Amino acid sequence: MNQLSDRINNLATSATLAMAAKARELRAEGKDIIGLSLGEPDFDTPDFIKDAAIEAVNQNYNSYTPVDGYVELKEAIITKFKRDNNLSYTLPQIVVSTGAKQALYNIASVMLNEGDEVILPCPYWVSYSDIIKLNDGVPVEVKTSIENDFKMTAAQLEAAITPKTKMIWYSSPCNPSGSVYSKEELRALADVLQKHPNIYVVSDEIYEHINFKGGHFSMAEFEDMYDRTVTINGVSKAFAMTGWRIGYIGAPDWIARACNKIQGQVTSGANCIAQRAVITALEAPASCVKYMVDEFKVRRKLILDLLSEIEGFKSNEPEGAFYVFPNISAYFGKTIKGKTINNASDFSLFLLEEALVATVTGEAFGNPDCIRISYAASQEQITEAIKRIKAALS
Ligand SMILES: Cc1ncc(COP(=O)(O)O)c(C=O)c1O
(Lines give C-alpha, C1' and ligand atoms only; values in the text may rest on other atoms or scores of the structure.)
Protein backbone atom coordinates (compact mmCIF):
# COMPACT_ATOMS: atom_id res chain seq x y z
CA MET A 1 0.00 0.00 0.00
CA ASN A 2 1.28 3.46 -0.83
CA GLN A 3 1.94 5.12 2.52
CA LEU A 4 3.68 8.12 1.04
CA SER A 5 2.46 11.66 1.54
CA ASP A 6 0.22 13.34 -1.02
CA ARG A 7 3.03 15.86 -1.39
CA ILE A 8 5.47 13.31 -2.80
CA ASN A 9 2.85 11.34 -4.70
CA ASN A 10 1.87 14.50 -6.53
CA LEU A 11 5.43 15.49 -7.33
CA ALA A 12 6.64 15.05 -10.91
CA THR A 13 9.97 13.30 -11.46
CA SER A 14 12.46 15.73 -12.99
CA ALA A 15 12.09 15.24 -16.75
CA THR A 16 15.75 15.94 -17.41
CA LEU A 17 16.84 13.34 -14.86
CA ALA A 18 14.24 10.86 -16.16
CA MET A 19 15.61 11.22 -19.69
CA ALA A 20 19.16 10.78 -18.41
CA ALA A 21 18.08 7.57 -16.63
CA LYS A 22 16.42 6.22 -19.79
CA ALA A 23 19.57 7.04 -21.79
CA ARG A 24 21.67 5.20 -19.18
CA GLU A 25 19.40 2.16 -19.49
CA LEU A 26 19.87 2.05 -23.27
CA ARG A 27 23.62 2.51 -22.87
CA ALA A 28 23.68 -0.46 -20.50
CA GLU A 29 22.07 -2.49 -23.31
CA GLY A 30 25.09 -1.55 -25.43
CA LYS A 31 23.47 1.28 -27.44
CA ASP A 32 25.70 4.22 -28.38
CA ILE A 33 23.60 7.11 -27.01
CA ILE A 34 24.68 10.73 -27.47
CA GLY A 35 23.47 12.66 -24.43
CA LEU A 36 22.21 16.16 -25.23
CA SER A 37 19.72 16.24 -22.37
CA LEU A 38 21.65 17.36 -19.33
CA GLY A 39 22.28 20.91 -18.24
CA GLU A 40 25.90 20.82 -17.25
CA PRO A 41 29.08 22.08 -18.86
CA ASP A 42 31.26 19.28 -20.23
CA PHE A 43 34.45 21.01 -19.04
CA ASP A 44 36.59 20.22 -16.01
CA THR A 45 36.49 22.59 -13.06
CA PRO A 46 39.46 24.96 -13.61
CA ASP A 47 42.68 23.92 -11.84
CA PHE A 48 42.98 27.09 -9.74
CA ILE A 49 39.63 26.25 -8.11
CA LYS A 50 40.53 22.59 -7.57
CA ASP A 51 43.81 23.70 -5.95
CA ALA A 52 41.89 25.94 -3.53
CA ALA A 53 39.74 22.97 -2.49
CA ILE A 54 42.80 20.76 -1.95
CA GLU A 55 44.35 23.49 0.17
CA ALA A 56 41.15 23.75 2.24
CA VAL A 57 41.24 20.01 2.92
CA ASN A 58 44.87 20.23 3.98
CA GLN A 59 44.12 23.21 6.21
CA ASN A 60 41.55 21.08 8.01
CA TYR A 61 38.39 22.88 7.06
CA ASN A 62 36.13 20.19 8.40
CA SER A 63 33.66 21.82 10.78
CA TYR A 64 30.13 23.09 10.28
CA THR A 65 30.21 26.49 8.63
CA PRO A 66 27.93 29.39 9.55
CA VAL A 67 24.48 28.38 8.25
CA ASP A 68 24.44 31.18 5.66
CA GLY A 69 28.08 30.63 4.59
CA TYR A 70 31.61 31.67 5.58
CA VAL A 71 31.94 35.42 6.03
CA GLU A 72 34.89 35.41 3.58
CA LEU A 73 32.69 33.78 0.96
CA LYS A 74 29.84 36.20 1.59
CA GLU A 75 32.34 39.04 1.21
CA ALA A 76 33.53 37.57 -2.11
CA ILE A 77 29.88 37.37 -3.23
CA ILE A 78 29.30 41.01 -2.24
CA THR A 79 32.37 42.01 -4.27
CA LYS A 80 31.16 39.93 -7.22
CA PHE A 81 27.68 41.51 -7.14
CA LYS A 82 29.25 44.97 -7.07
CA ARG A 83 31.83 44.22 -9.78
CA ASP A 84 29.62 42.32 -12.23
CA ASN A 85 26.11 43.59 -11.52
CA ASN A 86 26.46 47.02 -9.94
CA LEU A 87 24.48 45.71 -6.95
CA SER A 88 25.28 46.71 -3.37
CA TYR A 89 24.51 44.11 -0.73
CA THR A 90 25.60 43.82 2.89
CA LEU A 91 26.50 40.63 4.77
CA PRO A 92 23.01 39.96 6.21
CA GLN A 93 21.57 40.08 2.69
CA ILE A 94 23.62 37.13 1.41
CA VAL A 95 22.84 33.44 1.94
CA VAL A 96 25.00 30.63 0.53
CA SER A 97 23.10 27.40 -0.20
CA THR A 98 23.58 23.89 -1.54
CA GLY A 99 23.21 24.99 -5.15
CA ALA A 100 20.93 27.62 -6.63
CA LYS A 101 18.27 24.94 -6.50
CA GLN A 102 18.23 25.00 -2.71
CA ALA A 103 18.27 28.79 -2.79
CA LEU A 104 15.09 28.66 -4.91
CA TYR A 105 13.53 26.11 -2.58
CA ASN A 106 14.33 28.32 0.42
CA ILE A 107 12.67 31.30 -1.24
CA ALA A 108 9.52 29.35 -2.04
CA SER A 109 9.26 28.01 1.47
CA VAL A 110 9.75 31.37 3.18
CA MET A 111 7.57 33.43 0.82
CA LEU A 112 4.59 31.28 -0.19
CA ASN A 113 1.37 30.57 1.66
CA GLU A 114 -1.19 28.10 0.34
CA GLY A 115 -2.75 29.35 -2.88
CA ASP A 116 -0.22 32.12 -3.53
CA GLU A 117 0.34 32.47 -7.24
CA VAL A 118 3.76 32.64 -8.88
CA ILE A 119 3.95 33.88 -12.45
CA LEU A 120 6.30 31.83 -14.64
CA PRO A 121 7.03 33.03 -18.17
CA CYS A 122 7.07 29.83 -20.28
CA PRO A 123 9.31 28.14 -21.04
CA TYR A 124 10.78 28.11 -17.55
CA TRP A 125 13.39 26.00 -15.82
CA VAL A 126 11.93 22.58 -15.17
CA SER A 127 12.14 22.68 -11.35
CA TYR A 128 10.40 26.02 -10.78
CA SER A 129 6.86 24.72 -10.97
CA ASP A 130 7.45 21.71 -8.74
CA ILE A 131 9.39 23.71 -6.14
CA ILE A 132 6.47 26.13 -6.04
CA LYS A 133 3.87 23.35 -5.79
CA LEU A 134 5.83 21.59 -3.05
CA ASN A 135 5.49 24.78 -1.06
CA ASP A 136 1.71 25.07 -1.62
CA GLY A 137 2.05 27.78 -4.26
CA VAL A 138 0.28 27.82 -7.61
CA PRO A 139 2.41 28.26 -10.76
CA VAL A 140 0.75 30.54 -13.30
CA GLU A 141 2.19 29.94 -16.76
CA VAL A 142 2.50 32.83 -19.20
CA LYS A 143 2.95 31.47 -22.72
CA THR A 144 5.60 33.02 -24.94
CA SER A 145 6.72 31.97 -28.41
CA ILE A 146 9.61 32.12 -30.83
CA GLU A 147 8.06 35.23 -32.42
CA ASN A 148 8.83 37.29 -29.30
CA ASP A 149 12.06 35.39 -28.55
CA PHE A 150 10.31 33.48 -25.73
CA LYS A 151 10.06 36.59 -23.54
CA MET A 152 7.11 37.75 -21.47
CA THR A 153 5.87 41.21 -22.43
CA ALA A 154 4.60 43.86 -20.02
CA ALA A 155 1.05 43.37 -21.33
CA GLN A 156 1.22 39.62 -20.70
CA LEU A 157 2.50 40.21 -17.18
CA GLU A 158 -0.26 42.72 -16.47
CA ALA A 159 -2.89 40.26 -17.71
CA ALA A 160 -1.55 37.42 -15.54
CA ILE A 161 -1.60 39.38 -12.27
CA THR A 162 -4.45 38.59 -9.85
CA PRO A 163 -5.01 39.55 -6.19
CA LYS A 164 -3.28 36.25 -5.32
CA THR A 165 -0.07 36.97 -7.22
CA LYS A 166 2.86 36.87 -4.82
CA MET A 167 5.90 36.48 -7.03
CA ILE A 168 7.40 36.24 -10.51
CA TRP A 169 10.23 33.83 -11.21
CA TYR A 170 12.32 33.89 -14.38
CA SER A 171 15.83 33.08 -15.53
CA SER A 172 17.87 35.32 -17.81
CA PRO A 173 19.76 33.99 -19.69
CA CYS A 174 16.92 31.50 -19.80
CA ASN A 175 17.06 27.78 -19.41
CA PRO A 176 15.72 26.39 -21.79
CA SER A 177 15.31 29.11 -24.45
CA GLY A 178 18.65 30.94 -24.07
CA SER A 179 16.77 34.26 -24.20
CA VAL A 180 18.27 37.25 -22.42
CA TYR A 181 16.06 40.09 -21.17
CA SER A 182 17.46 43.51 -22.06
CA LYS A 183 17.42 46.44 -19.62
CA GLU A 184 14.50 47.97 -21.54
CA GLU A 185 12.46 44.77 -21.46
CA LEU A 186 13.01 44.40 -17.72
CA ARG A 187 12.10 48.07 -17.21
CA ALA A 188 8.79 47.48 -18.96
CA LEU A 189 8.05 44.60 -16.58
CA ALA A 190 9.18 46.69 -13.61
CA ASP A 191 6.81 49.48 -14.66
CA VAL A 192 3.89 47.06 -14.43
CA LEU A 193 5.08 45.96 -11.00
CA GLN A 194 5.10 49.55 -9.74
CA LYS A 195 1.32 49.30 -9.71
CA HIS A 196 1.51 46.11 -7.64
CA PRO A 197 3.85 46.79 -4.72
CA ASN A 198 3.22 43.42 -3.03
CA ILE A 199 4.68 41.30 -5.82
CA TYR A 200 8.25 40.02 -5.43
CA VAL A 201 10.68 38.95 -8.13
CA VAL A 202 13.11 36.06 -8.31
CA SER A 203 15.75 36.85 -10.90
CA ASP A 204 17.70 33.66 -11.57
CA GLU A 205 21.02 34.71 -13.09
CA ILE A 206 22.91 31.43 -12.94
CA TYR A 207 23.78 31.63 -16.67
CA GLU A 208 24.92 35.25 -16.38
CA HIS A 209 28.42 34.63 -17.75
CA ILE A 210 27.30 32.36 -20.58
CA ASN A 211 26.03 35.29 -22.60
CA PHE A 212 27.04 35.70 -26.25
CA LYS A 213 25.81 39.21 -26.88
CA GLY A 214 27.08 40.79 -23.64
CA GLY A 215 25.02 43.21 -21.59
CA HIS A 216 23.66 41.25 -18.66
CA PHE A 217 21.20 43.29 -16.61
CA SER A 218 19.83 42.46 -13.14
CA MET A 219 16.30 43.44 -12.12
CA ALA A 220 17.61 44.60 -8.73
CA GLU A 221 19.72 47.25 -10.48
CA PHE A 222 16.55 49.33 -10.77
CA GLU A 223 16.35 51.32 -7.56
CA ASP A 224 12.58 50.85 -7.37
CA MET A 225 12.93 47.04 -7.67
CA TYR A 226 15.90 46.48 -5.36
CA ASP A 227 13.78 46.03 -2.21
CA ARG A 228 11.61 43.36 -3.75
CA THR A 229 13.96 41.36 -5.89
CA VAL A 230 15.89 38.25 -4.91
CA THR A 231 18.93 37.78 -7.13
CA ILE A 232 19.95 34.14 -7.49
CA ASN A 233 23.31 33.02 -8.76
CA GLY A 234 25.81 30.20 -8.34
CA VAL A 235 28.94 28.58 -9.69
CA SER A 236 27.54 25.44 -11.34
CA LYS A 237 27.38 26.76 -14.88
CA ALA A 238 30.01 29.51 -15.20
CA PHE A 239 32.79 27.55 -13.47
CA ALA A 240 31.80 24.00 -14.47
CA MET A 241 31.11 23.14 -10.83
CA THR A 242 27.68 21.47 -10.92
CA GLY A 243 28.61 18.76 -8.43
CA TRP A 244 30.18 21.13 -5.92
CA ARG A 245 26.69 22.38 -5.06
CA ILE A 246 27.13 26.05 -4.24
CA GLY A 247 24.56 28.73 -5.05
CA TYR A 248 23.70 32.00 -3.36
CA ILE A 249 21.26 34.88 -3.10
CA GLY A 250 21.38 38.62 -2.63
CA ALA A 251 18.04 39.68 -1.15
CA PRO A 252 16.22 42.13 1.11
CA ASP A 253 17.58 41.29 4.57
CA TRP A 254 14.24 40.05 5.97
CA ILE A 255 14.04 37.47 3.19
CA ALA A 256 17.69 36.47 3.62
CA ARG A 257 17.18 36.07 7.39
CA ALA A 258 14.20 33.79 6.76
CA CYS A 259 16.23 31.68 4.29
CA ASN A 260 18.96 31.40 6.88
CA LYS A 261 16.37 30.23 9.41
CA ILE A 262 14.95 27.47 7.21
CA GLN A 263 18.37 26.35 6.04
CA GLY A 264 19.43 26.04 9.67
CA GLN A 265 16.77 23.35 10.09
CA VAL A 266 17.33 21.61 6.79
CA THR A 267 21.05 21.43 5.90
CA SER A 268 22.96 23.48 8.53
CA GLY A 269 24.75 25.11 5.61
CA ALA A 270 26.61 24.21 2.43
CA ASN A 271 29.72 22.00 2.19
CA CYS A 272 32.78 23.63 3.79
CA ILE A 273 35.43 22.61 1.22
CA ALA A 274 33.26 23.70 -1.70
CA GLN A 275 32.66 27.06 -0.01
CA ARG A 276 36.41 27.67 0.38
CA ALA A 277 36.99 26.81 -3.30
CA VAL A 278 34.21 29.14 -4.41
CA ILE A 279 35.90 32.10 -2.67
CA THR A 280 38.77 31.59 -5.12
CA ALA A 281 36.40 31.12 -8.06
CA LEU A 282 34.48 34.33 -7.39
CA GLU A 283 37.59 36.41 -6.79
CA ALA A 284 38.88 35.50 -10.26
CA PRO A 285 37.99 37.76 -13.18
CA ALA A 286 35.39 36.47 -15.64
CA SER A 287 38.19 36.20 -18.23
CA CYS A 288 39.37 33.03 -16.41
CA VAL A 289 36.37 31.12 -17.75
CA LYS A 290 35.98 32.91 -21.07
CA TYR A 291 37.43 29.94 -22.97
CA MET A 292 34.30 27.96 -22.08
CA VAL A 293 31.96 30.73 -23.23
CA ASP A 294 33.92 31.06 -26.50
CA GLU A 295 33.57 27.34 -27.12
CA PHE A 296 29.82 27.41 -26.34
CA LYS A 297 29.45 30.20 -28.87
CA VAL A 298 31.12 28.13 -31.60
CA ARG A 299 28.88 25.18 -30.74
CA ARG A 300 25.77 27.34 -30.78
CA LYS A 301 26.50 28.36 -34.38
CA LEU A 302 27.29 24.77 -35.29
CA ILE A 303 24.05 23.35 -33.90
CA LEU A 304 21.87 26.17 -35.30
CA ASP A 305 23.42 25.70 -38.76
CA LEU A 306 22.92 21.95 -38.66
CA LEU A 307 19.35 22.18 -37.35
CA SER A 308 18.42 24.69 -40.04
CA GLU A 309 19.05 21.92 -42.58
CA ILE A 310 16.32 19.74 -41.05
CA GLU A 311 12.80 20.44 -42.17
CA GLY A 312 10.31 21.09 -39.37
CA PHE A 313 12.78 22.53 -36.83
CA LYS A 314 12.17 26.20 -36.03
CA SER A 315 14.54 27.85 -33.55
CA ASN A 316 15.13 31.26 -32.04
CA GLU A 317 18.75 32.40 -31.77
CA PRO A 318 19.63 31.84 -28.11
CA GLU A 319 21.74 34.65 -26.69
CA GLY A 320 22.96 32.79 -23.65
CA ALA A 321 23.12 29.49 -21.71
CA PHE A 322 23.88 26.32 -23.72
CA TYR A 323 20.56 25.12 -25.08
CA VAL A 324 18.48 25.40 -28.22
CA PHE A 325 14.74 25.06 -27.91
CA PRO A 326 13.36 24.32 -31.38
CA ASN A 327 9.65 24.14 -32.13
CA ILE A 328 9.07 20.71 -33.66
CA SER A 329 5.25 20.79 -33.77
CA ALA A 330 5.41 20.32 -37.57
CA TYR A 331 5.92 16.62 -36.82
CA PHE A 332 2.77 16.23 -34.71
CA GLY A 333 0.31 13.77 -36.24
CA LYS A 334 2.99 12.13 -38.42
CA THR A 335 3.98 8.46 -38.27
CA ILE A 336 7.67 7.77 -38.83
CA LYS A 337 9.23 4.30 -38.71
CA GLY A 338 5.91 3.00 -37.40
CA LYS A 339 5.87 5.45 -34.49
CA THR A 340 3.18 8.11 -34.25
CA ILE A 341 4.30 11.47 -32.90
CA ASN A 342 1.54 13.36 -31.15
CA ASN A 343 3.51 15.65 -28.88
CA ALA A 344 6.99 16.75 -27.84
CA SER A 345 7.38 13.81 -25.45
CA ASP A 346 6.72 11.34 -28.29
CA PHE A 347 9.20 13.25 -30.44
CA SER A 348 11.92 13.24 -27.79
CA LEU A 349 11.39 9.52 -27.18
CA PHE A 350 11.50 8.88 -30.93
CA LEU A 351 14.87 10.65 -31.13
CA LEU A 352 16.18 8.57 -28.26
CA GLU A 353 15.07 5.25 -29.69
CA GLU A 354 15.59 5.85 -33.41
CA ALA A 355 18.48 8.36 -33.52
CA LEU A 356 20.04 7.32 -30.19
CA VAL A 357 20.15 10.99 -29.14
CA ALA A 358 18.86 12.11 -25.73
CA THR A 359 16.99 15.44 -25.61
CA VAL A 360 14.26 16.70 -23.25
CA THR A 361 10.60 17.26 -24.05
CA GLY A 362 9.46 20.88 -23.90
CA GLU A 363 6.44 19.82 -21.86
CA ALA A 364 8.71 19.72 -18.83
CA PHE A 365 9.45 23.42 -19.36
CA GLY A 366 5.84 24.42 -19.93
CA ASN A 367 6.02 24.43 -23.74
CA PRO A 368 4.65 21.29 -25.41
CA ASP A 369 5.63 22.34 -28.96
CA CYS A 370 9.38 22.30 -28.42
CA ILE A 371 12.25 20.11 -27.29
CA ARG A 372 15.39 21.20 -25.48
CA ILE A 373 18.75 20.22 -26.93
CA SER A 374 21.82 20.94 -24.83
CA TYR A 375 25.02 21.78 -26.70
CA ALA A 376 27.21 21.18 -23.69
CA ALA A 377 28.84 18.41 -25.72
CA SER A 378 31.82 18.25 -28.07
CA GLN A 379 31.53 19.56 -31.65
CA GLU A 380 32.00 15.98 -32.88
CA GLN A 381 29.14 14.73 -30.72
CA ILE A 382 26.87 17.59 -31.80
CA THR A 383 27.64 16.97 -35.48
CA GLU A 384 27.04 13.24 -35.19
CA ALA A 385 23.85 13.73 -33.13
CA ILE A 386 22.23 16.09 -35.62
CA LYS A 387 23.28 13.84 -38.51
CA ARG A 388 21.52 10.93 -36.80
CA ILE A 389 18.40 13.03 -36.09
CA LYS A 390 18.25 14.08 -39.73
CA ALA A 391 18.60 10.48 -40.90
CA ALA A 392 15.97 9.18 -38.45
CA LEU A 393 13.43 11.78 -39.59
CA SER A 394 13.93 11.39 -43.32
C1 LIG B 1 17.84 28.25 -14.52
C2 LIG B 1 18.50 27.39 -13.50
N3 LIG B 1 18.46 27.78 -12.21
C4 LIG B 1 19.02 27.04 -11.25
C5 LIG B 1 19.67 25.86 -11.53
C6 LIG B 1 20.27 25.07 -10.40
O7 LIG B 1 21.62 25.25 -10.28
P8 LIG B 1 22.47 24.60 -9.12
O9 LIG B 1 23.33 23.56 -9.76
O10 LIG B 1 23.30 25.72 -8.55
O11 LIG B 1 21.54 24.03 -8.11
C12 LIG B 1 19.76 25.41 -12.85
C13 LIG B 1 20.42 24.13 -13.17
O14 LIG B 1 20.21 23.53 -14.19
C15 LIG B 1 19.16 26.20 -13.85
O16 LIG B 1 19.20 25.82 -15.14
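Treat the numbers as computed from the prediction; the structure is a model and nothing was measured.

**Some remarks on the sheet that holds strand 9 (residues 323-324)**
Taken together, 3 strands build an open sheet; the order of strands is 9-14-13 and the sheet is antiparallel. Edge positions in the sheet fall to strand 9 and strand 13 (360-361), since each has one partner strand and no second. Bridge count between strand 13 and strand 14 (residues 371-374): 2 bridges; the pairing is antiparallel. Among the inter-strand pairings, Val-360 is bridged to a residue of strand 14, identified as Arg-372.

**Some words on the domain arrangement of the protein**
Considered domain by domain, the protein is made up of domain 1 (6-44 + 289-393) and domain 2 (47-285). Once you take the C-alpha centre of each, domain 1 and domain 2 turn out to be 26 Å apart. Between domain 1 and domain 2, the residue contacts involve 36 residues of the former and 34 residues of the latter. The contact between domain 1 and domain 2 buries some 2900 Å² in all, and 62% of this surface belongs to carbon and sulfur atoms. Scanning the region where domain 1 abuts domain 2 turns up 2 salt bridges. Counting across the domain 1 and domain 2 interface gives 13 residue pairs in polar contact (both at pLDDT 80 or more). Among the elements that make up the side of domain 1 that touches domain 2, the one with the highest residue count is helix 11 (residues 290-308) (5 residues).

**Thoughts on the sheet that holds strand 5 (residues 165-171)**
The strand order across the open sheet formed by 7 strands is 2-8-7-6-5-3-4, and the pairing between neighbours is mixed. Edge positions in the sheet fall to strand 2 (94-97) and strand 4 (138-142), since each has one partner strand and no second. Going from strand to strand, the sheet's axes swing by 20° on average, the running direction of each strand aside. One ladder, built from 4 bridges, connects strand 6 (residues 200-204) with strand 7 (residues 229-234); its direction is parallel. When the bridges of strand 7 are listed, Val-202 appears paired with Val-230.

**Some words on the pattern of salt bridges**
Scanning the entire structure with this criterion turns up 27 salt bridges. Across the pair Lys-74 and Asp-68 runs a salt bridge, and its minimum N-O distance is 2.7 Å. As far as the burial class goes, Lys-74 and Asp-68 line up, both buried. The salt bridge involving Glu-185 is made with Lys-151; its shortest N-O contact spans 3.0 Å. Remark: Lys-151 occurs in the loop between strand 4 and helix 7 (154-160) and Glu-185 occurs in helix 8 (residues 183-194); sequence separation between them is 34 residues. Of the residues examined, Lys-151 reaches a relative accessible area of 8% and is grouped as buried.

Parameters at a glance
Residues numbered from 1 in each chain as written. Predicted model: local features only at pLDDT ≥ 70, side-chain atom pairs only at ≥ 80, totals over all residues. Heavy atoms only, no water. Pairing = 2+ DSSP bridges. Helix = DSSP H or I, 4+ residues; strand = E, 2+ residues; numbered from the N terminus. Domains from an automatic or database assignment. Contact = heavy atoms within 4.5 Å. Buried area = accessible area lost by both parts, 1.4 Å probe. Salt bridge = Lys/Arg side-chain N within 4 Å of Asp/Glu carboxyl O. Polar contact = N/O pair within 3.5 Å; in protein donor to acceptor, adjacent residues only side chain to side chain. Axes fitted to C-alpha atoms, helices over the stretch in contact; angles between N-to-C directions. Buried < 20%, exposed > 50% of the residue type's maximum accessible area, 1.4 Å probe, protein only.

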